[in-house]
Amino acid sequence: MEIKQLEYFVTAHNCGSLSKAAAKLFTTQPNISRVIKLFEQELGLLYLNELAKD
């Protein structure tokens with residue numbers, strides 16, 4: 001796990017949107033998605049699916 005993965009994950013959660021998190025972190029939404037997907041795979045989570053449902 002990298003600090004960047006955790007930072008992206010927490011920011012996406014706090015913003016409630018990958019697009020808003022990307023803007024806050026000065027990156028792109030596809031990059032946020034990619035990093036969080038790797039994070040999910042490492043930890044066995046399914047966060048992006050849950051965020052999309054909200």
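Above: the structure in question.
Let us look at the structure shown here. (Residues numbered from 1 in each chain as written. Predicted model: local features only at pLDDT ≥ 70, side-chain atom pairs only at ≥ 80, totals over all residues. Heavy atoms only, no water.)

## Considerations on a nonpolar patch on the surface
Next up, step 1: There is a patch of nonpolar side chains on the surface, built from Met1, Leu6, Val10, Leu43 and Leu45 and spanning about 420 Å² of accessible area.
Next up, step 2: With respect to the secondary-structure elements, Leu6 resides in helix α1 (residues 3-15).
Next up, step 3: The partly exposed category is assigned to Leu6, whose relative accessible area is 36%. (Patch = residues over 30% accessible without salt bridge, like charges linked within 9 Å, V, L, I, M, F, W, Y side chains within 5 Å. Areas by Shrake-Rupley, 256 points an atom, 1.4 Å probe, with all protein chains shown as cover. Salt bridge = Lys/Arg side-chain N within 4 Å of Asp/Glu carboxyl O. Helix = DSSP H or I, 4+ residues; strand = E, 2+ residues; numbered from the N terminus. Buried < 20%, exposed > 50% of the residue type's maximum accessible area, 1.4 Å probe, protein only.)

## A short note on the packing of aromatic side chains
Next up, step 1: Considering all chains together, one arrives at 1 aromatic pair under this definition.
Next up, step 2: Ring geometry for Phe9 versus Phe39: centroids 5.0 Å apart, planes at 50 degrees, classification tilted. You can see Phe9 sitting in helix α1 and its partner Phe39 sitting in helix α3 (residues 29-43), a full 30 residues away along the chain.
Next up, step 3: Assessed through its relative accessible area of 3%, Phe39 is described here as buried. (Phe/Tyr/Trp six-rings, centres within 6.5 Å; stacked < 30°, edge-to-face > 60°.)

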